[in-house]
Amino acid sequence: MDNLPFLCGYVALIGKPNTGKSTLMNALVGEKLSITAKRPQTTRHQILGIKTTTEYQCIFVDTPGIHQSQKKAINRYMNRAATSMLTDVDLICVLLDVRSFNGDDELVLKKVENMDNVLLVLNKIDQINKQQLLPLMQRLAILMPNLEIIPVSALKEENLDRLMSQIQQRLPEGIPHFPDDQLTDKPMRFIVAEIVREKLFRVLTQELPYSITVNVENYKTESDLVRISASIWVERKSQKGIIIGKGGSLLKKIGSEARADIERLVDQKVYLQLWVKVREDWSDDERSLAAFGYSND
Ligand SMILES: Nc1nc2c(ncn2[C@@H]2O[C@H](COP(=O)(O)OP(=O)(O)O)[C@@H](O)[C@H]2O)c(=O)[nH]1
Ligand SMILES: [Mg+2]
């Protein structure tokens, strides 16, 4: 065993929005790094999730979803980002949602049809029974005859061992690119902002969340706790009121749910202070965002 070469490679998770890419990455890495939500396109940035064992280091690349509508600039940008990285990775896992296989998925499959380093991951099998699964597996086998198809449930963590061993078999030899305790390429400030953003997505039901930005102003590790303060930037005063809620109740809920997630992640007590601010002069804020840089920590 000891003489086996170490394996290290990049594995892209692609698929249309909502197929469970972020959920799967979190499940495989064992930590909540990438936010997930019922709404499509919650993942705005590309994020790495790193899983290191004694045998391999697998670097997952979670991407914003690929989808057909190219009308909006932001969608075009996300499509480009998701597509351009395909040639840089060692393996591509295409995620498909058993309940919603359609033309958008075929578009994604088209992108990888001439590549040989591809696995098909049929996700959300907890949502259907075996009789329903079989015809879909057969249809995919005809469509993509050379590809291994692995049915899983990212949410219920079913069949992930089999998926992981299929991935491992396809990783190239190589020395680890990251220290073995590093879970992501993003600094904690970034992850914290994402966690707060996820909570906002969950509690706010209207279009509002898309215009929200979260900025972590302070992140300080002290001997017995981590002290964090963050601002939630909105565009209008009325939105500020909605987020704060009656007597501050909603903001409190967002804060305590986010704190629980962050505590689990950093394995330490967390003191989280949240502010809601109206973004009246966006250009100034952008400057300050750049100043924070999302890059140190
Ligand atoms: N039932 C079920 N739901 C899942 C599964 N995987 C993901 N989901 C849900 O599908 C939604 C979208 O997941 P997400 O990971 O954000 O999708 P992404 O857009 O591809 O990153 C979320 O509500 C997840 O909880 C699964 O295996 N089973
Ligand atoms: Mg996602």
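In this numbering scheme, every chain counts its residues from 1 along its sequence in written order. Ligands are numbered from 1 and chains lettered from A, in the order in which they are written. Only residues with pLDDT of at least 70 are given local features in this predicted model, and only at 80 or more are side-chain atom pairs given and counted; all residues enter the totals for whole chains, interfaces and linings. Processing note: side-chain calculations cover all non-hydrogen atoms of the structure and skip hydrogens and water entirely.

**Describing the side chain of Asn 123**
Next, step 1: Per the convention used, a helix needs a DSSP run of H or I reaching at least four residues, while a strand needs a run of E reaching at least two, with both numbered from the N terminus. Among the structural elements, Asn 123 can be located in strand E5 (residues 118-123).
Next, step 2: Looking at Asn 123, the relative accessible area reads 3%, which means it is buried.
Next, step 3: A polar contact is formed between the side chain of Asn 123 and the backbone nitrogen of Ala 154, at a distance of 2.9 Å.
Next, step 4: If we ignore the near neighbours within four places in the chain, the residues touching Asn 123 are Thr 19, Gly 20, Leu 95, Leu 96, Asp 97, Val 98, Val 152, Ser 153 and Ala 154. The cut-offs for exposure are 20% and 50% of the maximum accessible area for each residue type, with area from a 1.4 Å probe on protein chains only; residues under the lower value are buried, those over the upper are exposed, and the others partly exposed. Pairs of N or O atoms within 3.5 Å make up the polar contacts considered here, provided that, within protein, one atom can donate a hydrogen while the other can accept it, and that residues adjacent in sequence are counted only when both atoms are side-chain atoms. Any two residues having at least one pair of non-hydrogen atoms within 4.5 Å are treated as being in contact.

**Structural notes on the sheet that holds strand E3 (residues 56-62)**
Next, step 1: Between any two strands, at least two bridges found by DSSP are needed for them to pair. Within the open sheet, the six strands sit side by side as E2-E3-E1-E4-E5-E6. Their pairing is mixed. Since the sheet does not close on itself, it has two edges, and those belong to strand E2 (47-52) and strand E6 (148-151), each with one partner. Across the sheet, the mean angle separating the axes of adjacent strands is 25 degrees when strand polarity is ignored.
Next, step 2: Looking at chain direction, strand E1 (residues 7-14) and E3 are connected through seven bridges and run parallel. Within E3, the position partnered with Tyr 10 by the bridge is Ile 59. Between N-to-C directions, angles cover 0 to 180 degrees, with each direction set by a line fitted to C-alpha atoms, over the stretch in contact for helices.

**Focus on the confidence of the model for the protein**
Next, step 1: Per-residue confidence from the prediction method is given by pLDDT, with values spanning 0 to 100. Here the protein averages 85 in pLDDT, while 82% of its residues score no lower than 70.
Next, step 2: In this model residues 291-297 is a low-confidence stretch, pLDDT under 50, and it forms 17 contacts with partners more than four residues away in sequence or in other chains.

**Considerations on the packing of aromatic side chains**
Next, step 1: Only the six-membered ring of Trp is used, alongside the rings of Phe and Tyr, when aromatic pairs are assigned; centres must lie within 6.5 Å, and planes under 30 degrees apart are stacked while those over 60 apart are edge-to-face, with the rest tilted. Using the criterion set out here, one finds zero aromatic pairs in the structure.
Next, step 2: Across from the ring centre of Phe 190, 5.2 Å away, lies the NZ or CZ of Lys 186, which sits over that ring. Put simply, a charge is over a ring when the Lys NZ or the Arg CZ is close to the ring centre, within 6 Å, and near the line of the ring normal, within 35 degrees.

**Some details on the state of the cysteines**
Cysteine pairs can be covalently joined through their sulfur atoms, and such a bond is termed a disulfide.
Next, step 1: Any pair of cysteine sulfurs within 2.5 Å is marked as a disulfide. Summed over all chains, the structure comprises zero disulfides.
Next, step 2: The thiol of Cys 8 is unpaired, and the distance to the nearest cysteine sulfur, on Cys 58, comes to 8.5 Å.
Next, step 3: Residue Cys 93 stays outside any disulfide, its sulfur separated by 7.8 Å from that of Cys 58, the closest cysteine.

**Some remarks on the pattern of salt bridges**
Next, step 1: The term salt bridge refers to a side-chain nitrogen of Lys or Arg lying within 4 Å of a carboxyl oxygen of Asp or Glu. Evaluated as defined, the whole model comprises 17 salt bridges.
Next, step 2: Note that Asp 261 and Lys 199 form a salt bridge whose closest N and O atoms lie 2.9 Å from each other. Placement of the pair is Asp 261 in helix H8 (residues 249-266) and Lys 199 in helix H6 (residues 188-203), with a sequence separation of 62 residues. Neither residue differs from the other here; Asp 261 and Lys 199 are each classed as buried.
Next, step 3: Note that Glu 257 and Lys 253 form a salt bridge whose closest N and O atoms lie 3.2 Å from each other. With Glu 257 and Lys 253 both in helix H8 and four residues apart, the pair spans about one turn of that helix.
Next, step 4: Three or more residues are tied together by salt bridges with common partners; here these are Lys 32, Glu 198, Lys 199, Arg 202, Asp 261 and Arg 264.

**Examining the site of ligand 1**
Next, step 1: Residues in contact with ligand 1 amount to 17 residues; listed here are only the nearest, Asn 18, Gly 20, Lys 21, Thr 23 and Asp 126.
Next, step 2: Measuring from an oxygen atom of ligand 1, one finds a backbone N or O atom of Gly 20 at 3.0 Å.
Next, step 3: At 2.6 Å, a side-chain N or O of Thr 23 approaches an oxygen atom of ligand 1.
Next, step 4: No other element matches helix H1 (residues 21-29), which puts three residues into the shell around ligand 1.
Next, step 5: Here the term charged refers only to Asp, Glu, Lys and Arg, the term nonpolar to Ala, Val, Leu, Ile, Met, Phe, Trp, Tyr, Cys and Pro, and the term polar to all other amino acids, Gly among them. By residue class, the composition of the shell around ligand 1 is four nonpolar, nine polar and four charged. When we say a residue is near a molecule or strand, we mean one of its heavy atoms is within 4 Å of it.

**Topic: the nonpolar core**
Next, step 1: Nonpolar cores are built from buried Ala, Val, Leu, Ile, Met, Phe, Trp, Tyr and Cys residues. Side-chain atoms within 4.5 Å join them into one set. Core analysis: the biggest nonpolar cluster contains 55 residues, and Phe 60, Leu 163, Ile 167, Ile 232 and Ile 243 have the highest contact counts within it.
Next, step 2: The dominant element in this core, judged by the number of residues it contributes, is H6, at seven residues.
Next, step 3: By convention here, the domain bounds are inherited from an automatic or database domain assignment. When residues are assigned to domains, this core turns out to be shared by domain 1 (7-169) and domain 2 (188-292), each giving three or more.
Next, step 4: Excluding its chain neighbours within four sequence positions, the residues that come into contact with Ile 167 are Val 11, Cys 58, Phe 60, Leu 91, Cys 93 and Leu 119.
Next, step 5: With 30 residues, the next largest nonpolar core counts Cys 8, Ile 14, Ile 128 and Met 144 among its residues.

**Quick look at the packing of helix H7 (residues 237-244) against H8**
Next, step 1: Between H7 and H8, the least distance of the axes is 5 Å, while the angle of their chain directions is 65 degrees. Counted together, Ile 242, Ile 243 and Ile 244 of H7 and Ser 249, Leu 250, Leu 251 and Ile 254 of H8 form the full contact between these two elements.
Next, step 2: Residues of the contact of H7 with H8, tallied by class, amount to six nonpolar, one polar and no charged.

**What about the pairing of E6?**
Next, step 1: Inspection of the sheet shows E5 paired to E6 by four bridges, in the parallel sense. Its bridge partner lying in E6, Leu 120 is registered against Ile 149.
Next, step 2: The β-α-β motif built from E5, the intervening helix H4 (residues 130-143) and the parallel element E6 has right-handed crossover chirality. Look down the strands so they point away from you; if going from the first strand over the helix to the second traces a clockwise path, that crossover is right-handed.

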